[in-house]
Amino acid sequence: MFSYVPPIDDYRFLLTEVLGFDRAMADMGKEVDADLAAAVLEEAGRMCADRLHPLNRHGDEEGSRLVDGLVKTPEGFADAWRDFAAAGWASLSADPAYGGQGLPFILQLWLDEMLAATNLSFGLFPGLTRGACEAIMAHASDFLKATYLPPMVSGEWTGAMALTESGAGTDLALLKTKAAPDADGSYAITGQKIFISSGDHDFGGNIVHLVLARLPDAPAGVKGISLFLVPKYLPDADGGFTIRNSMSVGALEKKMGIHAQPTCVMNYDGATGWLVGEPHKGLAAMFTMMNAERLMVGIQGLGIAGASYQQAAGYAKERLQGRSADGARGPVTIIEHADVRRMLLNIRAFVEAGRALAGWTALQLDRAHHHPDAAERARADALVALLTPVVKAAFTDFGFESAVQAQQVFGGHGYIREWGMEQYVRDARIAQIYEGTNGVQAMDLVGRKLPMAGGAVVEGFFALVETDLAAAEGLNIAAKTREALALLRGVTASLRGAGTEAAGAAAVDYLRLFALVSMGWMWTRMAAAAQGDAPLHGAKRAVADYFAQRMLPQAQGLAVGIAAGEATIMALGAEAF
């Protein structure tokens, strides 16, 4: 495999020329500028390239194993985690009140991209820990915060999210895990959870599980779910955490990809836990974690796509095959062949627009948390809520498609383990499934996010896009994006008040259309900024034109499919399948 090259030049371009990073930080009173941000990302990229990328293939081949009831991660992972935490990467964007560095979330999200690009299995450990910290910070008691957040923020301890049961996947109303109150204010948690990423490992330190369960008096359905903090180790009389809780790993899931990540079947046998938030309101508390995780999972798709592109582009510039278009030369490097260029440009057009959209969304999340004006915080928070299902679903769909296209560039070598492309394909596939399948994300967008504030949030987003398109008058990408935006506005109006079947029939196509317009918006902003003579500027203009001419036209077909409604989807009786 080729070495991983962190996309620092692209990050710097976005910070300084596209996203207005310095101005955004000044608005929020943060003393961070683009130079500092780029320096942090450069150091993070070095760590990912030098430390984590070399472990990726080995981790896939060795995998995590269950030995005498204990999880053993692949050789090198535990040491890498300790080095990662000691260098401060686990605490990058966390609250300084609990030992975090408080750096902007955009740096965290782009670090997540590089983690996914170099070692997706490893990247899940800090990502899940960060999500657990956010849920604890937002909903737990002061005592639980003071006890658990500092070591989790530092990376001494890690976190996991325990939702899924064998009979309750997406439909959490069916979960059966029980929580019985004890006299000391704690609860005894009993039940089994499946698909628990980072459920156990051999890094040392505690592992803090956030577990959904039902109290004895819980009403039926999702209104009867509570959230509990259940640590692997309980506090002892001396204030240490040495007492093993009554929880164990029943098995490790045998998976298509992310083999190095221990995905556990967890048994809770009267395990001691503490209530997080209010009784019967655990789902709302858990969604604090899940929404953060959904952004992270979307970035996993982006990271895999970027890594796949680097490998495929490197191979295409070296591999000799076939003759030149005029037949005069041969063999030529396959980068000369139009179809190879088409595949590479498909990937690159997504990656660079996705990176920009991720950065813009991350800045909105920072504004939602730190802007001094309450109205601005609310507006930014609503935009993040609108875009979260788009980032999660579209980025992971495009990410998987990108991995497959990159594999295709390698031809038969892409199917062979030693080149690493088949691992990217296998690893990327899970991101379309976990943290809410992409179909669920699409239904969330259509059913919950479009109606927010009576449709004002989505219309406000469209207005933002329109403003930037108008400012870029004369650019081909702006004109083509405006055409796609008109289609999106039309189908958005047609979906208002749509029934469940109509919404379900339209949702996936609608989300992809929304994503194409959003990426066209980002390409417009990048092309407008890239008007200099620098090679990076010329490349941006060229890829923007490719996106405008070859990818945005998909919007027309998606709009036609959405307009067809649910009739043909529902016409065939269930018994005929």
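All of these numbers come straight from a predicted model, not from anything done at the bench.

**Student:** Even after reading the chapter, I still don't get the UniProt feature "domain: Acyl-CoA dehydrogenase/oxidase N-terminal" (unreviewed entry) in the protein chain, so can you show me in this structure?
**Tutor:** Sequence positions flagged by UniProt for "domain: Acyl-CoA dehydrogenase/oxidase N-terminal" (unreviewed entry) are, in local numbering, residues 40-156. Taken end to end, residues 40-156 is 69% helix and 5% strand, and its first and last C-alpha atoms sit 22 Å apart.

**Student:** Could you clarify how one ought to interpret the domain arrangement of the protein chain in this entry?
**Tutor:** A common way to express how large an interface is: the accessible area buried when the components associate. For the protein chain, the assigned domains read domain 1 (6-137), domain 2 (157-281) and domain 3 (437-567). A C-alpha centroid distance of 39 Å is found between domain 2 and domain 3.

**Student:** It is not clear to me how the UniProt feature "domain: Acetyl-CoA dehydrogenase-like C-terminal" (unreviewed entry) in the protein chain should be interpreted in this structure. Could you clarify?
**Tutor:** If you check UniProt for "domain: Acetyl-CoA dehydrogenase-like C-terminal" (unreviewed entry), the listed places come out as residues 461-572 in our numbering. Helix makes up 82% of residues 461-572 and strand 0%, with an end-to-end C-alpha separation of 37 Å.

**Student:** Explain helix 7 (residues 282-316) here, please?
**Tutor:** Each full turn of the α-helix corresponds to 3.6 residues, which orients residues three or four apart in the same direction. For helix 7, built from 35 residues, the straight-helix expectation of 51 Å at 1.5 Å per residue is met to within 8% by its first-to-last C-alpha distance of 50 Å. At Thr288, helix 7 shows its largest kink, close to 30°. Across the 35 residues of helix 7, 30 count as buried, placing the element largely inside the fold.

**Student:** Can you walk me through the pattern of salt bridges in this structure?
**Tutor:** Across all of its chains, the model carries 32 salt bridges by this definition. A salt bridge links Glu43 to Arg46; its shortest N-O distance comes to 2.5 Å. Placement of both Glu43 and Arg46 in helix 3 (residues 34-62) is noted, with a separation of three residues, approximately one turn of the helix. Glu459 is the partner of Arg496 in a salt bridge, and the nearest nitrogen-oxygen pair spans 2.8 Å. Of the two residues, Arg496 sits in the loop between helix 13 (476-495) and helix 14 (500-529) while Glu459 sits in helix 12 (residues 456-471), which places them 37 residues apart along the sequence. A residue is classified by how much of its surface remains accessible, and Glu459, at 30% relative accessible area, is partly exposed. Residues joined in a network through salt bridges with shared partners are Asp10, Glu113, Arg348, Glu352, Arg355 and Lys540.

**Student:** In this structure, what is going on with the nonpolar core? I would like to understand it.
**Tutor:** Counting 177 residues, the largest nonpolar core has Leu210, Tyr510 and Phe514 as the members making the most contacts within it. If you look at the next biggest cluster of nonpolar residues, it comprises 20 residues, including Ala179, Ile189, Val211 and Tyr268.

**Student:** Explain unusual backbone geometry here, please?
**Tutor:** Keep in mind that most residues, glycine aside, have a negative phi and that most peptide bonds are trans. A cis amide bond, omega -5°, links Gly330 with the succeeding residue Pro331. Mapped onto the elements of the fold, Pro331 is located in the loop between helix 7 and helix 8 (338-370). Phi is positive for Glu435, close to 60°, though the residue is something other than glycine. With respect to the helices, strands and loops of the structure, Glu435 is situated in the loop between helix 10 (421-430) and helix 11 (438-449). Take Glu435: its relative accessible area is 15%, and that puts it in the buried class.

**Student:** Sorry, what's going on with the pairing of strand 9 (residues 241-244) here?
**Tutor:** In terms of strand pairing, strand 8 (residues 233-235) meets strand 9 through three bridges, oriented antiparallel. Counterpart to Leu234 in the pairing with strand 9 is Ile243. With antiparallel pairing between neighbouring strands as the criterion, strand 8 and strand 9 make up a hairpin whose turn holds five residues, including Gly239 at a positive phi of roughly 90°.

**Student:** Got a minute to help me understand helix 1 (residues 8-18) in this structure?
**Tutor:** Within the sequence span of helix 1, burial applies to Ile8, Asp10, Tyr11, Phe13, Leu14, Leu15 and Val18. Buried-residue contacts for helix 1 involve helix 2 (21-27), helix 3, helix 5 (105-139), helix 8, helix 14 and helix 15 (535-551). Following helix 1 by one or two positions, Gly20 adopts a phi angle in the positive range, close to 60°.

**Student:** What is the right way to look at the packing of helix 8 against helix 15 in this model?
**Tutor:** Between two packed helices, what matters for the description is the angle formed by their axes and the separation of those axes. Helix 15 packs onto helix 8 with a crossing angle of 105° between their chain directions and a minimal axis gap of 10 Å. With respect to their mutual orientation, helix 8 and helix 15 come out roughly perpendicular. Residues Arg342, Leu345, Asn346, Arg348, Ala349 and Glu352 of helix 8 touch helix 15, and the partners they reach there are Ala539, Lys540, Val543, Tyr546, Phe547, Arg550 and Met551. The class makeup of the residues in the contact of helix 8 with helix 15 is seven nonpolar, one polar and five charged.

**Student:** Just to check I follow, could you spell out the packing of aromatic side chains for this structure?
**Tutor:** The description of an aromatic ring pair rests on the distance of the ring centres and on the angle between the ring planes. For the coordinates displayed, the defined rule picks out 25 aromatic pairs. Both rings, one in Phe84 and one in Phe122, keep their centres 5.5 Å apart while their planes meet at 75°; by these two values the pair is edge-to-face. In this pair, Phe84 is assigned in helix 4 (residues 77-86) and Phe122 in helix 5, connecting sequence segments 38 residues apart. Neither residue differs from the other here; Phe84 and Phe122 are each classed as buried.

**Student:** Explain the packing of helix 12 against helix 13 here, please?
**Tutor:** Between helix 12 and helix 13, whose axes approach to 10 Å, the crossing angle comes to 165°. Here helix 12 lies roughly antiparallel to helix 13, going by the angle between them. The element helix 12 and its partner helix 13 pack so that their crossing is left-handed. On the side of helix 12, the interface is formed by Val458, Glu459, Phe462, Ala463, Val465, Glu466, Leu469 and Ala470, while helix 13 contributes Ala478, Thr481, Arg482, Leu485, Leu488, Arg489 and Thr492.

**Student:** Which parts of the structure should I look at to understand the environment of Ala85?
**Tutor:** Mapped onto the elements of the fold, Ala85 is located in helix 4. Take Ala85: its relative accessible area is 14%, and that puts it in the buried class. Linking Ala85 and Pro126, residues 41 residues apart in sequence, is a C-alpha distance of 9.0 Å. When neighbours within four sequence positions are excluded, Ala85 is seen to be in contact with Ala90, Ser154 and Gly155.

Scoring rules and cut-offs
Along each chain, residues carry numbers from 1 onward, in the same order as the chain's sequence is written. In keeping with the predicted nature of the model, local features appear solely for residues at pLDDT of at least 70, side-chain atom pairs appear and are counted solely at 80 or more, and the whole-chain, interface and lining totals rest on all residues. With hydrogens and water stripped out, all remaining heavy atoms of the structure feed into the side-chain values. UniProt positions are given in the numbering used here, feature names are shortened, and annotations may be inferred rather than shown by experiment. Secondary structure follows DSSP: runs of H or I at least 4 residues long count as helices, runs of E at least 2 residues long count as strands, and numbering of each begins at the N terminus. Each domain's extent is set by a domain assignment, obtained either automatically or from a database. Helix span is expected to be 1.5 Å times the residue number reduced by one. Bending is quantified residue by residue as the angle between axes fitted to the seven-residue window ending at that residue and the seven-residue window starting at it. With a 1.4 Å probe rolled over the protein chains alone, any residue whose accessible area is under 20% of its type maximum counts as buried; one over 50% counts as exposed, and the rest are partly exposed. Take a side-chain nitrogen of Lys or Arg and a carboxyl oxygen of Asp or Glu: if they are within 4 Å of each other, that pair is a salt bridge. The criterion is simple. A nonpolar core is a set of buried Ala, Val, Leu, Ile, Met, Phe, Trp, Tyr and Cys residues joined through side-chain atoms within 4.5 Å. For two strands to count as paired, DSSP must find a minimum of two bridges between them. Should any heavy atoms of two residues lie within 4.5 Å, those residues are considered in contact. Between N-to-C directions, angles span 0 to 180 degrees; the directions come from axes that are lines fitted to C-alpha atoms, helices contributing only their stretch in contact. In what follows, roughly perpendicular refers to angles from 65 to 115 degrees, roughly parallel to angles under 35, roughly antiparallel to angles over 145, and oblique to any angle outside these ranges. Only Asp, Glu, Lys and Arg are considered charged in this grouping, and only Ala, Val, Leu, Ile, Met, Phe, Trp, Tyr, Cys and Pro are considered nonpolar; every other residue, Gly among them, is considered polar. A pair of aromatic rings is counted whenever rings of Phe, Tyr or Trp (Trp by its six-membered ring) have centres within 6.5 Å, and the orientation is called stacked for planes under 30 degrees apart, edge-to-face for over 60 and tilted otherwise. By definition, any crossing whose near helix is turned counterclockwise from its far helix by less than a right angle is left-handed, and any crossing with a clockwise turn is right-handed.

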